[in-house]
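One letter stands for each residue in the lines below.
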Amino acid sequence: MELYVLGDISAEEKLQVEDMATKYPEIRDEITEIERSMEFYAEEHAIEPPADLRQRVLGSLLVNLGDDRIFTKAVTHQDDDHVISLPPARVNSFYKYAFAACLTLLLISVYGLINLYSKLQDSNTQLTALQTDKIRIVNQVNLMDSQLNMYRDTTYKVLRLKGLPKTPTAAMILAWNSVSKKVMVDVQSMNLPKHDNKHQYQLWALVGGKPVDMGVFDKPAADTAGVKEMKAIASAQGFAVTLEPMGGSINPTMDQMVVIGQF
């Protein structure tokens, strides 16, 4: 920093020191203190030139203002008689080492902060993953409980719907409660043919030989509800499922029936 005050550094080094002084008040204060010390040193060691030398210098300036060639005159020994050379200023290397040490500590601190931040980010990611796993497990447990409760309840009649000749592998299970009139479809374990996003499955209750709309449904994701409650009905001799346009139909499309079952 003393070299900066003396102007004995490159332009790039000067910009670096000024940038550090802007960021860190301690460095700016140290530069100000060095400037004050140098000013004090100059004042303490200032030497008043002899009066006759002052007059000679001023006279020479006035005489030679019109002719610059006179300034090329060699300096004689007599001219040097009254010139006193100041001892060269000693550059204290302490400040250079102190600045280097501060910069090193700063870099180490920045590296430590970056490393700590990275570890915190990793911990947050792991915590989020654990929370997601916990939610998925809780949902799966709730699904299993709801399915078990449906099969344990003696007021429910469990019906297995089987595929037709064109859909021999299709199968589905539903439960109908004749007391509460609820109809629950086990969508988690059903095995129905895949369809496009323009169609849905529609459940029909067979009442007196006529189909009654019970609502539409789709196979859910693995972590969503395992059973789906359909429309309520007081009595039914059986149930069937057809593939209908999105939103369902008023009457079933008979050639699109995939499963059927009767009590």
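This text gives an overview of the structure that appears in the document. (Residues numbered from 1 in each chain as written. Predicted model: local features only at pLDDT ≥ 70, side-chain atom pairs only at ≥ 80, totals over all residues. Heavy atoms only, no water.)

Topic: the side chain of E244
Relative to the helices and strands, E244 resides in strand β7 (residues 238–245). Among buried Asp, Glu, Lys and Arg side chains, E244 stands out as unpaired, with K166 the closest opposite charge at 9.9 Å. A distance of 2.7 Å separates a polar atom in the side chain of E244 from a polar atom in the side chain of T242. One polar contact links the side chain of E244 to the main-chain amide nitrogen of T253, over a distance of 2.7 Å. (Helix = DSSP H or I, 4+ residues; strand = E, 2+ residues; numbered from the N terminus. Buried < 20%, exposed > 50% of the residue type's maximum accessible area, 1.4 Å probe, protein only. Lys, Arg positive; Asp, Glu negative; His and termini not counted. Salt bridge = Lys/Arg side-chain N within 4 Å of Asp/Glu carboxyl O. Polar contact = N/O pair within 3.5 Å; in protein donor to acceptor, adjacent residues only side chain to side chain.)

Re the nonpolar core
Counting 24 residues, the largest nonpolar core has M172, L192, L203, F217, F239 and V241 as its most contacted members. Of all the secondary structure elements, the ones that give two or more residues to this core are β1 (156–163), β2 (171–177), β3 (183–185), β4 (199–207), β5 (210–217), β7 and β8 (257–262). V17, M20, A21 and I27 belong to the second largest nonpolar core, which has 6 residues in total. (Core = buried A, V, L, I, M, F, W, Y, C linked by side-chain atoms within 4.5 Å.)

Side note on the environment of I27
With respect to the helices and strands, the residue I27 is situated in helix α3 (residues 25–44). Counting along the chain gives 75 residues from I27 to C102, while the straight-line C-alpha distance between them is 9.8 Å.

Section: the packing of aromatic side chains
For the structure on display, the rule yields 3 aromatic pairs. Aromatic pair F239 and F263: ring centres 6.2 Å apart, planes at 80°, arrangement edge-to-face. Of this pair, F239 sits in strand β7 while F263 sits in the segment after β8, placing them 24 residues apart in sequence. Taking relative accessible area as the criterion, F239 reaches 0% and is therefore assigned buried. (Phe/Tyr/Trp six-rings, centres within 6.5 Å; stacked < 30°, edge-to-face > 60°.)

Notes on the sheet that holds strand β6 (residues 228–229)
The 8 strands lie next to each other as β5-β4-β7-β8-β1-β2-β3-β6, forming an open sheet whose pairing is antiparallel. A strand with exactly one partner marks an edge of an open sheet, and here the two such strands are β5 and β6. Bridge count between β2 and β3: 3 bridges; the pairing is antiparallel. Following the sheet pairing, W176 is matched in β3 by V183. (Pairing = 2+ DSSP bridges.)

Re the side chain of T242
Residue position: T242 is located in strand β7. Here the side chain of T242 touches W204 through a polar contact of 2.7 Å, side chain to side chain. Discounting residues that sit within four places of it in the chain, T242 has contacts with Q200, Y201, Q202, W204, P252, T253, Q256 and M257. (Contact = heavy atoms within 4.5 Å.)

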